[in-house]
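Inside the fold
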Amino acid sequence: MQTAETFLHLTATGWTAIGSIVGAASIVVLAIFNLLYLRAARQSANAASIQADASKKQAEVATQTLKELKYQFDLQQLAQKEIALSVLAEIARDARSWMGSLHTERSQDDKATLMPSDWGNVMVFVSQQVPSVETEILSLGEQISETERLLNEVVHVPISMRSGQLTGHKIQPLRTSLAKVADDAEKVAKILRDWKRKL
């Protein structure tokens, strides 16, 4: 009988068997590794899906919040516009009223006013929302101040002295100035009424 060659006391058949066992074991180890990897990948996919759903909900909430903020901003703008229109209407009404009352007399302590206390609201609204009308508003403010000064010069003079040189020459320019203030306030109010905010 012939002896088979051996290596470390194993024949070629023995080494083949060991190689087969090691190969099978490595396949089992790789299968376990792949199963664990697939499990981890599935958990990551689930987490990513949950995160995507949360992000989608967060985006929906943010969109709704932006819509509500825009609505509130639009309401605030509308309120500011209505205040500005009301102030301009008050100026025009007061100027026209003074045109018919230049024959009234006031004491020195009773100051005639055309400039409303909330004139600043008109200035703020125009400067922020309708800057194209800012020049007209500034000009109107100067006209109101000058007309108010002339008005107080006239109404503080006793009626019996108004026809003389002291105020007689100031009444017609004052009427003209009052009419211009009223007309310009109405003109600016019309521009503001027609204004729509650009989106």
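Preceding this paragraph is the structure being described.
Here goes a summary of the coordinates provided. Along each chain, numbering runs from 1 in the same order as the chain's sequence is written. Note on the predicted model: pLDDT of at least 70 is required for a residue's local features to be given, and 80 or more for side-chain atom pairs to be given and counted; whole-chain, interface and lining totals, by contrast, use all residues. Computation of side-chain values covers all heavy atoms of the structure but excludes hydrogens and water.

To continue, consider the overall build of the protein chain. Secondary structure assignment for the protein chain yields 4 helices and 2 strands. Secondary structure elements are defined from DSSP: runs of H or I of at least 4 residues count as helices, runs of E of at least 2 residues count as strands, and each element is numbered from the N terminus. Sequence-ordered secondary structure for the protein chain, helices as α and strands as β, is β-β-α-α-α-α. Categorising residues by exposure relies on relative accessible area from a 1.4 Å probe, with only protein chains included: less than 20% of the type maximum marks a residue as buried, more than 50% marks it as exposed, and the intermediate range marks it as partly exposed. Here the protein chain holds 199 residues, and the buried ones make up 25% of them. Throughout, a contact is declared for two residues whenever any of their heavy atoms are within 4.5 Å. A sequence separation of at least 24 residues applies to 74% of the contacts in the protein chain between residues at least 6 apart. Put simply, the protein chain shows about 13800 Å² of open surface, and 61% of that area lies on carbon and sulfur atoms. Reported accessibility uses the Shrake-Rupley method at a 1.4 Å probe radius. Residues are deemed covered only where the shown protein chains occlude them.

A few words now on the packing of aromatic side chains. In this scheme Phe, Tyr and Trp rings, the latter by its six-membered ring, pair at centre separations within 6.5 Å, and the angle between planes marks the pair as stacked below 30 degrees, edge-to-face above 60, and tilted otherwise. The full count for this structure, using the stated rule, is 1 aromatic pair. Judged by centre distance (5.5 Å) and plane angle (90 degrees), the rings of Phe125 and Trp195 are edge-to-face. Of the two residues, Phe125 is situated in helix α2 (residues 119-129) and Trp195 in the segment after α4 (168-194); the sequence distance between them amounts to 70 residues. By relative accessible area, Phe125 is classed as buried at 0%.

Right, let's talk about the environment of Ser177 for a bit. Within the secondary structure, Ser177 is located in helix α4. Along the chain, Ser177 and Glu148 lie 29 residues apart, while their C-alpha atoms are 9.5 Å from each other.

Take the buried residues of types Ala, Val, Leu, Ile, Met, Phe, Trp, Tyr and Cys, join any two whose side-chain atoms come within 4.5 Å, and each joined set is a nonpolar core. One finds Leu88, Ile91, Trp119 and Leu192 to be the most contacted residues of the largest nonpolar core, which totals 33 residues. Secondary-structure elements contributing two or more residues to this core are α1 (12-100), α2, α3 (134-155) and α4. In contact with Ile91, not counting residues within four places along its chain, are Leu114, Pro116, Trp119, Ile144, Val181 and Ala185.

One speaks of a salt bridge when a side-chain nitrogen belonging to Lys or Arg is within 4 Å of a carboxyl oxygen belonging to Asp or Glu. Evaluated as defined, the whole model comprises 7 salt bridges. Among the salt bridges present, the one from Asp183 reaches Arg96, with a minimum N-O distance of 2.7 Å. Of this pair, Asp183 sits in helix α4 while Arg96 sits in helix α1; the two residues are 87 residues apart in sequence, bridging distant segments of the chain. On the basis of relative accessibility, which here comes to 35%, the residue Arg96 falls in the partly exposed class. With a closest N to O distance of 2.3 Å, Arg149 and Glu153 form a salt bridge. Here Arg149 and its partner Glu153 are both found in helix α3, 4 residues apart, which amounts to about one turn of the helix. Judged by relative accessible area, which is 39%, Arg149 ranks as partly exposed.

Let us look at a nonpolar patch on the surface. Nonpolar side chains (Val, Leu, Ile, Met, Phe, Trp, Tyr) are joined into patches within 5 Å and like charges within 9 Å, using only residues with over 30% relative accessible area and no salt bridge. On the surface, Phe7, Leu8, Trp15, Ile18 and Val22 cluster together to form a nonpolar patch covering roughly 510 Å² of accessible area. Looking at which element gives the most residues to the nonpolar patch, the answer is α1, with 3 residues. Locating Phe7 in the fold gives a position in strand β1 (residues 6-7).

These values are about where atoms sit, not about what they do.
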